[in-house]
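Now for the letters of each chain:
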Amino acid sequence: KLYHRFRNNRFLQNDLPGCRVVLFPRQAAYLFFVIGFTFLLIGLYVERMSSDIHEIRVRYDDVCRTNSSNMSSPSPPCELGVKIPEDMSQPVFVYYSLEEFFQNHRGYITSLSTAQLSGEMISESDARKTCSPASFNGDGMFTGNTGTSASSMKIILPCGLLPNSVFNDTFTASHCPLGNMSECRILSGEEWSKREIAWSSDRRKFKGRQLQKDSETRFGYFNYRLPDVDDPDLIVWMRPGRSRHITKLHRRIGGGLELRKGDILRVNVTNRFSLDPNRKTPAKHLLISNTNNLGGENKFLPRMYIAVGGLGLLLSSALLSGIFVSRRKERTLRSHNLRNSTSSVSEGSSWAGW
């Protein structure tokens, strides 16, 4: 009965009224002009906004050497002098960038325990199953996952390759107004803060808890102390990069501190994190950049808007030129046909008169 009730329904029979817009050449030309002009204005606006963003990139791994054989053994601290080329409006962010570091391998990003990261206790079998090969560490000694359950082996908190390879270089900064070294002061508090560097959705997933010293340890797979589960630096690291070049947020420069042209930031770097020297061009950079309502520096977006806008204006000009040329030809043809018909009529009239 239900079938008989709806079988003649216009929607089910695909019989709804509709309209098909048929664009004539002149209408298409006007549409291309409006679209092109709009995209051109947006591109120029985005380009203007992007020009107010300044990004400073400094490589430091070639200056501050690291002990590639042991990530827990830091190199002696070194200092980087970063000169501010232009006034940088708030907010200002500090990033670290790693080149030739593949963080998107499936075996790497799945080596973790979501239950442990959400604040739960896990058993040795669960740790061995989900966090292999970075499940256990015997009292700070590098053991990895041997498949045994010795009394000296404790579950790493947090376990897994992804959290155990957390970026552990450290940076401290001092601000020198207009390059005056005698007035340098160390940035602290809100002026050099890691508050809200991680996404709010990620912060809700990671929950720290008290360490169970009899069965768990903070010393990880590479034998250095790991941060707490709810530490913002670890949360930022736990979101994998999509390519071999990754950039992650490290600190926010706030607290009303304004970076002016000519200021110098003295950054003390403790280099611990090792990159694979067998890669083509492994490198580590420190980035300092400000943002606006459209985000960070982006040269691709305004260029694409301008290119699409220019293409729209070009198509509009081509269509209007074609219409103009065709109408001139049509008028010429009409006038030619009119003269021919007039001459034929006059000849017929003369014959009739004769």
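Check the entry above for the structure.
To start, this report covers the structure provided alongside it. Model, not experiment: these values are computed from the prediction. (Residues numbered from 1 in each chain as written. Predicted model: local features only at pLDDT ≥ 70, side-chain atom pairs only at ≥ 80, totals over all residues. Heavy atoms only, no water.)

## A look at the sheet that holds strand E5 (residues 154-156)
Two modes of strand pairing occur in sheets, parallel and antiparallel, and in both the strands are linked by backbone hydrogen bonds. Inclusion rule: When DSSP finds two or more bridges between two strands, those strands count as paired. Going along the chain from the N terminus, every DSSP run of H or I of four or more residues is numbered as a helix, and every run of E of two or more is numbered as a strand.
Pairing within the open sheet is mixed, and its 3 strands lie in the order E4-E5-E8. Among the strands making up the open sheet, the edge pair consists of strand E4 (136-137) and strand E8 (216-217). Two strands pair when backbone bridges link them, and E5 and E8 are joined in this way by 2 bridges, in the parallel orientation. Note on E8: the bridge partner recorded for Ile156 is Thr217.

## Considering the pattern of salt bridges
What counts here: Here, a salt bridge means any Lys or Arg side-chain nitrogen found within 4 Å of an Asp or Glu carboxyl oxygen.
Per the counting criterion, the structure on display carries 15 salt bridges. Its salt-bridge partner being Glu79, residue Arg266 comes within 3.0 Å of it at the nearest N-O pair. Taken together, the residues Arg266 in strand E10 (residues 264-270) and Glu79 in strand E2 (residues 78-83) connect sequence positions 187 residues apart. Beyond isolated ion pairs, a larger network of salt bridges with shared partners links Lys194, Asp231, Asp233 and Arg251.

## Describing the packing of aromatic side chains
Heads up, the rule is: Pairs were defined over the aromatic rings of Phe, Tyr and Trp, the Trp ring being its six-membered one, requiring ring centres within 6.5 Å. Orientation was assigned from the angle between planes: stacked under 30 degrees, edge-to-face over 60, tilted for the rest. Each residue is assigned to one of three classes by its accessible area relative to the maximum for its type, calculated with a 1.4 Å probe on protein chains only: buried under 20%, partly exposed between the two thresholds, exposed over 50%. Only when the NZ of Lys or the CZ of Arg is both within 6 Å of the ring centre and within 35 degrees of the ring normal is a charge said to sit over the ring.
Here the structure, examined in full by the defined rule, presents 11 aromatic pairs. With centroids separated by 6.1 Å and ring planes inclined at 10°, the aromatic side chains of Phe33 and Phe37 adopt a geometry described as stacked. One end of the pair, Phe33, and the other, Phe37, are both in helix H2 (residues 25-50), 4 residues apart, so they sit about a helical turn from each other. Residue Phe33 is classed as partly exposed on the basis of its relative accessible area, which comes to 45%. Residue classification places Phe37 among the partly exposed residues on the basis of a relative accessible area of 41%. Over the ring of Trp199 we find Arg239; its NZ or CZ atom is 3.9 Å from the centre of that ring.

## Focus: unusual backbone geometry
In this structure, Pro91 follows Gln90 across a cis peptide bond, with omega equal to 0°. Take Pro91: it is sitting in the loop between E2 and strand E3 (92-99). Cis geometry marks the peptide bond from Ser132 to Pro133, where omega comes out at 5°. A positive phi angle is found at Leu178, which is not glycine, with a value near 55°. Take Leu178: it is sitting in the loop between strand E6 (170-176) and strand E7 (185-186).

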